[in-house]
Each structure stands twice: as structure tokens, then as C-alpha cells.
2 protein chains.
Amino acid sequence: MQQPTIYDVAKKAGVSIATVSGVINNNGKYSNKTKEKVLDVMEELKYYPSSVASSLTAKRTQTIGLIIPDISSPFYAEFARSLEDWGDEKGYSIIICSTDYNEKKEKKYVSLLLRRRVDGIIISSGFNNVDLIKDIIQQEIPVVLVAYNIDSLQLNTVSVDDYRGGYQATAYLAELGHKRIAIITETVQSSAERIRGYQNALNDYHLIYDENLLTESRATFEEGEIQAEKLLNLEEPPTAIFAFNDILAIGAMRAVLKRGLKIPEDISIVGFDNSVLATICNPTLTTMAQPLNDMGKEAIGSLISEIEGTVKRKQRILLLPELVKRHSTGPANLKSNKREVKN
Amino acid sequence: MQQPTIYDVAKKAGVSIATVSGVINNNGKYSNKTKEKVLDVMEELKYYPSSVASSLTAKRTQTIGLIIPDISSPFYAEFARSLEDWGDEKGYSIIICSTDYNEKKEKKYVSLLLRRRVDGIIISSGFNNVDLIKDIIQQEIPVVLVAYNIDSLQLNTVSVDDYRGGYQATAYLAELGHKRIAIITETVQSSAERIRGYQNALNDYHLIYDENLLTESRATFEEGEIQAEKLLNLEEPPTAIFAFNDILAIGAMRAVLKRGLKIPEDISIVGFDNSVLATICNPTLTTMAQPLNDMGKEAIGSLISEIEGTVKRKQRILLLPELVKRHSTGPANLKSNKREVKN
DNA sequence: TCTTGAAAGTTAAACGCTTTACGAAAAAAA
DNA sequence: TTTTTTTCGTAAAGCGTTTAACTTTCAAGA
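About the criteria used
- Residues numbered from 1 in each chain as written.
- Chains lettered and ligands numbered in written order.
- Predicted model: local features only at pLDDT ≥ 70, side-chain atom pairs only at ≥ 80, totals over all residues.
- Heavy atoms only, no water.
- Contact = heavy atoms within 4.5 Å.
- Buried area = accessible area lost by both parts, 1.4 Å probe.
- Salt bridge = Lys/Arg side-chain N within 4 Å of Asp/Glu carboxyl O.
- Polar contact = N/O pair within 3.5 Å; in protein donor to acceptor, adjacent residues only side chain to side chain.
- Helix = DSSP H or I, 4+ residues; strand = E, 2+ residues; numbered from the N terminus.
- Near = heavy atom within 4 Å.
- Buried < 20%, exposed > 50% of the residue type's maximum accessible area, 1.4 Å probe, protein only.

Trainee: An account of the interface of chain A and chain B is needed here, citing residue identities and associated values.
Mentor: Taken together, the contacts link 56 residues of chain A with 56 residues of chain B. Taking both partners together, chain A and chain B bury about 5000 Å²; carbon and sulfur atoms supply 50% of that area. Our count for the chain A to chain B interface comes out at eight salt bridges. A salt bridge links B:Lys46 to A:Asp135; the nearest nitrogen and oxygen atoms lie 3.5 Å apart. Counting the contacts that link chain A with chain B gives 28 residue pairs in polar contact (both at pLDDT 80 or more). Counting residues per element, the side of chain A that touches chain B draws most heavily on helix α6 (residues 103-115) of chain A, at seven residues.

Here it is, written out as C-alpha cells:
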């Protein structure tokens, strides 16, 4: 026999399929005797109820789509893991879609998830095509944005306080005596707030804001390295580099070490994310930790409350990043600051 | 209106639902005029065919289950990404299940995948409960094992040649002049063959096999560190450590560096996997690369050919690992070899 | 002119569940 | 005993597709 169906169970147990269904879903009103009988037969037949059939009637697939740039990147992998765990706890499975920042893939995957009738979709920063999100909303599929915000759309959102992240990292470097603090920003949305935090921190510590110290790049080791090289080649190079994610920070480290400079004696480096990479590199990386596990929990919670309609108002959840001090930062080496800072 | 169905499309296009279905799936025999009309209406209504409904009739979900220890671990994340890409190319989505080596989770997830009627399941090493695999087979769901073999079961398999991996890494160290080469094995199946390779290489290079140099542990940084410490505390410590995955290798590095020893001057270290970690740590890690992308491709290919019944015989695919030389290995420092080797 | 066959569609059943409305039997109340 | 509840179940419709079998139309061949 092929996979047994509810009919096989019903027949063998001598009851109707409604009864079997009722027992499976524990919809009260069946005698213990019947329940046991049914359960026994299910066991005996190795019957696994088909969730595709039940999804069809229940109009719920208990599945969530996750759209991220790349599951193989440690930060996203850790986030996905958190979602998997929290989702599982609530009875949801996750389908992961890696877009590589590519609009074609975005489109393909959105369409896929819609056809699969996922109950909700979690989209992280790095997603480009806003119109696709509108398509999702039009189909009345709940969406939660993570580390990502779209002003024109009213959506549930979970993010880290990027402004504070930018501010804290910068302030920390300033307190270590660094006067020329460079940043390597990422070409994603969260960068803007981090830059604002950076600028305000500079201001509060009476440091000048020098546009030459601001670079932007895609999140790869190579790009981080290239950008750091540019910074080091400046007439007045920075003594500290704040990279907007750990990958870029590690790329920057490479550039610094390649020149024979020491970290943190000559150059301090701060990353962002606190992915596993930060603990592996040498020296270990001081970085702004994103509370990934909490983000996962909130994202799932937010999404499910929208799916189940328990909360009507959209919510913006803002979590606090935290500075994790490791060995890539230290007091500024003042000798190398050729010129003094105005103000 | 809620999500439009095939009826809505049919009605608006003035055709039967069978026609709409036919056009969607490109089942010949419809005039261009009709096709266009239907396509237009689909577009206009933003109609996304429900794959849950079609799965019910077609008895295919176009979904593959992946069971691994932990998606947040770089090696598995990279592998999952490869599967995602190859699967997508063939029209399959992946549901990832992280078991944490925990039999309860294994059971839960197997049951989940069976209920979801996935078309096939890919199971990696680190899976413990063989009986569960039998349950899967009994349901006639194709299974492919990756880096994992179960003698009692005749299954499709994709692995790396662990024997050669163990041999090559050891031989490389031996050629660098190391006499006392320790190994930190992992508590998974693939270890056995790697150990055999290690032993044979020792033999071929006329080195003694010392049981004290063989340790075993779970794959965490901490465990790697602990095991390496033990090795370094030996009366005759090794001059080279070959760890059976990059995580363990990096843990070992920590222990070595913590003692003030230098890598590779005092101790050489070789890992296994060639995950992203190997390029991040400092010094960068010499490691046996597993051809993850090929493994993903072969696993998907093997699984799909079984799903579609194109290939009847089970196949064992064996891929070759490759030594990637980086900066964690160097010539043996002979001074530190107190005692000479017999033979 | 009549027959055949291909082309273009349609009808209706099936897929494996959930759920609503309803019925019979048993228990409780009168 | 009769009536009313409660308990335990069942029948049947519906979810949105696919598909096998069938019908209609029309051009071509005999």
C-alpha cells in the first residue's frame, strides 16, 4: 500500500474519517475507547496525516518564507537558525530564499512563496524591489521587515537601533582618544541611521567630520579590504575604522595587517553584528552585537500575531545593540596623528 | 476578493478551469488566442496558482527536507546554500531542520517532513537515530545521505573520500618533517575512515602510531581548545595537530596561542572542511577542502533521480577532498622533538 | 457527399483532509 | 415511564488543483 490515508485509518478502526480527524486534532467529544482505537491504528499503519491536504481546507500552511541575501553568510545563518527555533516552537516551518541582492531572484522567490501559500514572509535588509513587497501585501500575506524599513509602507518591523549602534561605536573610539575615525558603510538602508549616529558622536566629542573618511561598499571581505586600503592611503589616514558589519571589518583588518600595521596599536577596528567571525579573527573583533536571537523571536512573534490577527496595529520593535569589546581596539596612538583637530 | 482561484480566472477569461490549468502548465492543445487571453487575465487578477492544491492532486510537493545538525554552523550553512541553489534550479524548495544532534528533534523533524509530504530528504552526518531513517524508507520517501553511510541500509550517498582526506593531511604534515602528529577527531561517523587514512599515512612515512595523540570531541571551539590543551600537556607533545573540522582546528589554535606557542613555527595545524572560517582565522588555516558545491549538486541530482525514478540503482558518489595550504602549517621545528622516532 | 481525424475545449471525478449540521443512543431529569 | 439533555458519532460539502475521458468543430481525403 502507498502511504495510508485517513480513510485507511477510519476503515481499520471502524469509525468515520471525521472521527479520525477529530482524534488527530483533539477536537473533544470522543470516548477514550474510540480515541485509543484510532491512535492505535494510526500507529500500526504508520499514518502521517498529510499537511498538504489539511492546508488546503484550513487555508493555512504553517509555513513562513524568509528572504535574505545569503544563507551562507554567518550573520544570516545565525538569524535563520533563531527563526527556525522560534518558528518551530509555534508550529511553523521556514523556507529560506537567498537572493544575492539580485532583483530577478527576489521576484522569482516572492512568486514562489506566494504560490506556496506561506502564511507570512520575513524580509531582511538587502531586499531591493519594493514593488514586490506591495504585491505581497496585496495578496494579504503578512510581512515583517527585519533591519529594514520602508517609509511608504506601514509594516511590522524588527530592527536594532542603528542610530545608537553608530553612536556607541564611534563614541567608544573617541573615548579611546581617536581623532580620525573612518567608517566603511554598507550599501543597505540601515547605514543611514548608523552614519547619523556616527556624525552625532563625532560632534559630541568635538571631532571634525571628514567626508574622506566615509566609504561605502558591498559586504564582502574583498570590498572591505579595498576600502580600508583607500582609507590608509589618505594623506591623513584614520587611526580607527568602524565597519558596518563584521565581514567588512575583517576585510579592513586584512588591509591593515598587510601593510605591516598593528591592530590595535596602530589602527583600531570595530565591526557590527557580532557574528561568529568576530571571535575567530585575530585579533578578535570589537563589534556592535545585534541581538540575533531576540530579533528572531520578535520577528516570529510579530508575524504570527499578524497571521492570527491577534494584534491589529502594526508594530515597530527596536532592539538595542551592544558593544562587545575584544582585542581589535585600543587607545589611539597619538604619534600617528599628524595634524590636530580643530574645535 | 480574497486570493483569486482558478475559477475566477476561468470565469473572467470565459473558459473552463481545465483550460486555465492547461495553459498554466503548458499542456499543449490550446490556441494562441486562448492562451493569451488566459495569461492576460491571470496577470490582471494577480493570480498565483496554489501549489498546495496542485500538490494534493499531483502527489508531489516539489519540496525537499534537509536534516543537519545546525544551520548556523558555517559548514552546514554553505552546504545548505548549495542545495538551495541546485534545488531551485530543478524546481524544488528546501525545508531546513537543525537537530543539534538531539534525537528528540530528529524524531520531531522527521515526522514533520513526512507529514509535509516532502518529495525527498537529505540527511547529513550527525544524525543518530537510524530507525527513523527506516521509517522514512518505509514511507517510500527517497533519502540521500551526505557525508554519512549506514551499512545496514542501501541508500544513495554522497561523500568525500574521508580515507584520502585523512591520508593526505597526515602525509602533508609528515612531509613537512613532523614526527608526532596528533589528531582531534569528531564524534561522527566519517572520522573512522579519516583515522584509517591517518594511520596508513603514518605507516607509509615510518612514523609510530601513538594512541595518546588521538583524541575525540564534539565539534565546538571550546572542545577543540580543551583537546588541544590535553595534547600539549603530554610528556611528548605533538608538533602538529590535524583536527577533523575547522571549528576544532580553530579551537586548537586558541590553545596553542594561549600557551605562547607560535603557529606554524612551534605547532602546525590542519583543519577539515575549508569553511569560511579557515580564511578568517589568523594564521589562516591549512585545511582539507570539501567540495561543498559539488556535494550539493550531487545530492540534489541523486535525490531527484530517485524521486523521478529515472535511476533505479542506488549510487554512492565519492568526491575528492583537496588540501588547501595556508599559513597554519610549516616545517617541523626539530628542536622540540625531544625523543626520536623508532623505525 | 460522406467519413475521418486532428484540434481545441469541456466535464467531472479525484486528491486527503476539515468542519458544519445533524442523528442516535445513553444518561439524567421529571 | 416519558421527556430532556448530553455524549458520541456520522454524512456530506468544500478547499483549489489535475487529468482522463469525452464532445464539438472544422478541414481534408476519398
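Trainee: Got a sec to walk through the side chain of A:Gln290? Specific residues and values, please.
Mentor: With respect to the helices and strands, the residue A:Gln290 is situated in the loop between β10 (286-289) and α13 (292-307). Sequence-distant contacts of A:Gln290, that is, excluding residues within four places in its chain, are made with A:Phe75, A:Val160, A:Arg194, A:Phe272, A:Asp273 and A:Met295.

Trainee: Describe the protein's contact with DNA strand D, and please don't skip the residues or the numbers.
Mentor: Around DNA strand D, the structure places 26 residues, and the nearest of them are A:Thr19, A:Lys29, A:Thr34, A:Thr57 and B:Ser21. In the model, a phosphate oxygen of DNA strand D is placed 3.1 Å from a nitrogen or oxygen of the B:Ser50 main chain. In the environment of DNA strand D, a sugar or linking oxygen lies 3.1 Å from a nitrogen or oxygen atom belonging to the side chain of B:Thr57. Elements with a minimum of two residues in the surface near DNA strand D: α2 (17-24) and α4 (51-58) of chain A together with α1 (6-13), α2 (17-24) and α4 (51-58) of chain B. Top element by residues in the surface near DNA strand D is α4(B). It accounts for four residues.

Trainee: Could you give me a rundown of the pattern of salt bridges, with the residues and numbers involved?
Mentor: Overall, the coordinates contain 26 salt bridges over all chains when judged by the stated rule. A salt bridge links A:Lys108 to B:Asp88; the nearest nitrogen and oxygen atoms lie 2.9 Å apart. Note that A:Lys108 is positioned in helix α6 and B:Asp88 in helix α5 (residues 74-89), a pairing that runs across two chains. Between A:Arg196 and A:Glu193 there is a salt bridge, and its shortest N-O distance comes to 3.0 Å. With A:Arg196 and A:Glu193 both in helix α9 (residues 190-204) and three residues apart, this pair spans about one turn of that helix. The class of A:Arg196 is partly exposed, set by a relative accessible area of 38%. Here the salt bridges share partners, and the residues they tie into one network are A:Asp70, A:Asp100, A:Lys105, B:Arg81 and B:Asp85.

Functional significance is not addressed by these values, which are geometric in nature.
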